[in-house]
Amino acid sequence: MSQIPVIYNTAYDISVPPTHRFNGTKFSRLIHELEQSAFSSDLEFTHSSTVRYRDILRAHESEYVKRVATGALLRDEIRQINLPINQQLIRRSFLALNGTYQTALRALEAGIACHAAGGTHHARYSGGSGFCVFNDLAFTAVNLIEHGIVNNVLILDLDVHQGDGTIDICNGRRGIYTCSLHCEDNFPFEKRQGSRDVPLRSHLEDAAYLEQLHRTLNDVSGEFTPDLVLYDAGVDVFEGDQLGNLDITLDGIFERDCSVLEYFKTRCIPVATVIGGGYSQVDVEIAKRHLLIFRAATVVY
C-alpha cells in the first residue's frame, strides 16, 4: 500500500519529576526513532488538531471536562490521575483525544493508521485515573457512531492493565464491543466487566500469551463484526516493564502486533492503533518498544 498514516503532535510531551513512573518525553522520542528508522519512508506524518469541545461531552461528564479545561480539578481527582496538572498536560489531553479520532478516520480510508500516543483507557466518564485524564478510545468509538461514520467498533485492548475506564464509558452503548487481555494481578485491582475480559496469570510468556490471543480473536469474531478496530498496542506486557507483570519478549510483542493486524486485514476490517502503556525511565528504551506496532504496520500492509 502507500504510506502508513501516523498521527502525532509536538505538544504531547509533558514534564514530570525525574523519579515519576510516567515517562513524559517518550512521545517526542518515539517520533525521533520513527524518523530515523529503516522504514521511515513508509510513514506519512500528520499533526493532530484541536478537538471539538461538544464531542468530548459524549464520553465525559460536562462538569469534569470543565474542571480539566480550567485547571480546577479537585485534590482527589489529581491524586487519582497521578500526574502534575498544568497547562502542558491540559493541552496534550485535549489534543490526544482528537489524535486518536483522526487516526480512526484515516484508518477507514487507508485500512491502517497509527497514533503516536493514545490508549488512556483508565479515564472514566466522570474522572481521570492512572495517568489518564480523558479516554481517547471511548471518545473515538462513541463519536464515530454518534456521527454516523460507522455502526460497530471493536476496542481491542492488549495493554497489560485492564481498560476499566473504557468499560465504564462504553458499557451499554450500542455498537461498541470492548475486549481486554490483561494481567489479573495488576492495576486496576477492582476489575470491570466489559464485553469480553481475559485475565492472564502473572509472568505469562510468549507462546501461551499468543495462543490465548488467537483464541480470543476467534471468540470475538464469533460474536461481533466491527466496521473498525481500535487497537491499544500497549507494550507494558514486556518482561522488563516497570509496571507490567507479564514476561513477553520484544519478539513476542512484535509477533502479537503482526498477528492482530494480519487477522483484521484478511477480513478487510480497518485498524487504528494507539501506543498504550509502557514504562521505563529511559525514554529511548520505551520509544523503541512502542516502535514495534509501527514496524508491524509497515510489514503487514
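For the structure itself, consult the block above.
Not measured: the values here are computed from a predicted model.

Engineer: Explanation requested: the overall build of the protein in the structure shown.
Structural biologist: When its secondary structure is counted, the protein shows 10 helices and 8 strands. For the protein, the C-alpha radius of gyration of 17 Å lies close to 19 Å, the compact-globule estimate for 301 residues. Expressed as a percentage of the 301 residues in the protein, the buried residues total 60%. Taking all contacts inside the protein whose residues are at least 6 apart in sequence as the whole, residues at least 24 apart take part in 75%. Taken as a whole, the protein presents about 11,900 Å² of accessible surface, with 47% of it coming from carbon and sulfur. Between the mean site of the 27 positive side-chain charges and the mean site of the 38 negative ones, the protein shows a separation of 6 Å.

Engineer: What exactly am I supposed to notice about the nonpolar core here?
Structural biologist: Burial of nonpolar side chains together is a common tendency in soluble globular proteins. Ranked by size, the top nonpolar core spans 102 residues in total, and within it Leu156, Phe264 and Phe294 carry the most contacts. Apart from residues no more than four positions distant in its own chain, phenylalanine 264 is found in contact with Leu154, Leu156, Leu217, Val229, Ile269 and Val271.

Engineer: How should the environment of phenylalanine 294 be read in this particular structure?
Structural biologist: Its place among the elements puts phenylalanine 294 in helix 10 (residues 283-300). What makes phenylalanine 294 buried here is its relative accessible area of 0%. Spatially, the C-alpha atom of phenylalanine 294 lies 9.7 Å from that of phenylalanine 254, the residues being 40 residues apart in sequence.

Engineer: Would you mind going over the sheet that holds strand 7 (residues 228-232) with me for this structure?
Structural biologist: Hydrogen bonds along the backbone pair up the strands of a sheet, which may run parallel or antiparallel. Taking strand neighbours across the sheet as the criterion, the 8 strands line up as 2-1-3-8-7-4-5-6 in an open arrangement whose pairing is parallel. The open sheet terminates on both sides in strands that have one partner only, identified here as strand 2 (43-47) and strand 6 (196-200). Geometrically, the sheet is characterised by an average inter-axis angle of 15 degrees between neighbouring strands, direction not taken into account. Of the pairings in the sheet, the one linking strand 4 (residues 153-157) to strand 5 (residues 176-183) comprises 5 bridges and is parallel in character. Note on strand 5: the bridge partner recorded for valine 153 is isoleucine 176. Lying on the sheet, helix 5 (residues 87-110) is in contact with strand 1 (4-8), strand 2, strand 3 (112-115), strand 7 and strand 8 (271-274); it crosses strand 3 at an angle near 165 degrees.

Engineer: How should the layout of surface pockets be read in this particular structure?
Structural biologist: A water-sized probe rolled over the atoms picks out the places where empty space is left. Estimates place the volume of the largest pocket at around 290 Å³. Asn82, His122, Gly130, Phe131 and Phe187 are the residues nearest the centre of the largest pocket, which is lined by 16 residues in total. Of the residues belonging to the lining of the largest pocket, the class tally is 5 nonpolar, 7 polar and 4 charged.

Engineer: What's the story with the packing of aromatic side chains in this structure? I'm lost.
Structural biologist: The full count for this structure, using the stated rule, is 10 aromatic pairs. Their ring planes at 65 degrees and their centres at 6.1 Å tell us that tyrosine 101 and phenylalanine 139 sit as a pair that is edge-to-face. Remark: phenylalanine 139 occurs in helix 6 (residues 136-146) and tyrosine 101 occurs in helix 5; sequence separation between them is 38 residues. Judged on exposure class, the residue tyrosine 101 and its partner phenylalanine 139 are both buried. A cation over a ring is seen here: lysine 265 above tyrosine 301, with NZ or CZ 5.2 Å from the ring centre.

Engineer: Before we go on, may I ask you to explain the pattern of salt bridges in this structure?
Structural biologist: Working definition: two side chains of opposite charge can pair if their charged atoms are close together. The final tally for this structure, using the stated rule, is 15 salt bridges. Of the charged contacts in the structure, one is a salt bridge between arginine 106 and glutamate 44, with a shortest N-O distance of 3.1 Å. Of this pair, arginine 106 sits in helix 5 while glutamate 44 sits in strand 2, placing them 62 residues apart in sequence. The exposure class assigned to glutamate 44 is partly exposed, which follows from its relative accessible area of 28%. Two residues, arginine 192 and aspartate 168, come together in a salt bridge whose shortest N-O distance is 3.2 Å. On the criterion of sequence distance, the pair formed by arginine 192 in the loop between strand 5 and strand 6 and aspartate 168 in helix 7 (residues 164-170) is long-range, its members being 24 residues apart.

Engineer: Is there a simple way to think about empty space enclosed by the protein in this case?
Structural biologist: Counted under the stated rule, the structure contains 2 cavities of 30 Å³ or more. Taken as a whole, the largest cavity spans an internal volume of roughly 280 Å³. At the level of elements, helix 1 (26-36) and helix 5 are the ones that each hand at least two residues to the lining of the largest cavity. With 5 residues, helix 5 is the largest single contributor of residues to the lining of the largest cavity. Its residues placed into classes, the lining of the largest cavity shows 14 nonpolar, 10 polar and 4 charged. Looking at the second largest cavity, its volume works out to about 60 Å³. If you go around the second largest cavity, the residues you meet are Ile155, Asp157, Gln162, Gly163, Thr166, Ile167, Thr178, Cys179, Ser180, Arg196 and Asp197. Elements with a minimum of two residues in the lining of the second largest cavity: strand 4, helix 7, strand 5 and strand 6. With 3 residues, strand 5 is the single largest residue contributor to the lining of the second largest cavity. For the lining of the second largest cavity, a count of residues per class yields 3 nonpolar, 5 polar and 3 charged.

The rules behind each value
- Residues numbered from 1 in each chain as written.
- Predicted model: local features only at pLDDT ≥ 70, side-chain atom pairs only at ≥ 80, totals over all residues.
- Heavy atoms only, no water.
- Helix = DSSP H or I, 4+ residues; strand = E, 2+ residues; numbered from the N terminus.
- Rg over C-alpha atoms; globule rule 2.2 N^0.38 Å.
- Buried < 20%, exposed > 50% of the residue type's maximum accessible area, 1.4 Å probe, protein only.
- Contact = heavy atoms within 4.5 Å.
- Areas by Shrake-Rupley, 256 points an atom, 1.4 Å probe, with all protein chains shown as cover.
- Lys, Arg positive; Asp, Glu negative; His and termini not counted.
- Charge placed at Lys NZ, Arg CZ, Asp CG, Glu CD.
- Core = buried A, V, L, I, M, F, W, Y, C linked by side-chain atoms within 4.5 Å.
- Pairing = 2+ DSSP bridges.
- Axes fitted to C-alpha atoms, helices over the stretch in contact; angles between N-to-C directions.
- 1 Å grid on protein atoms, 1.4 Å probe; cavity = no way out; pocket = protein on both sides within 12 Å on 5 of 7 lines; lining within 4 Å.
- Points joined across faces, edges and corners; volume = space filled by probe spheres on them.
- Nonpolar A, V, L, I, M, F, W, Y, C, P; charged D, E, K, R; others polar.
- Phe/Tyr/Trp six-rings, centres within 6.5 Å; stacked < 30°, edge-to-face > 60°.
- Lys NZ or Arg CZ within 6 Å of the ring centre and 35° of its normal.
- Salt bridge = Lys/Arg side-chain N within 4 Å of Asp/Glu carboxyl O.

Functional significance is not addressed by these values, which are geometric in nature.
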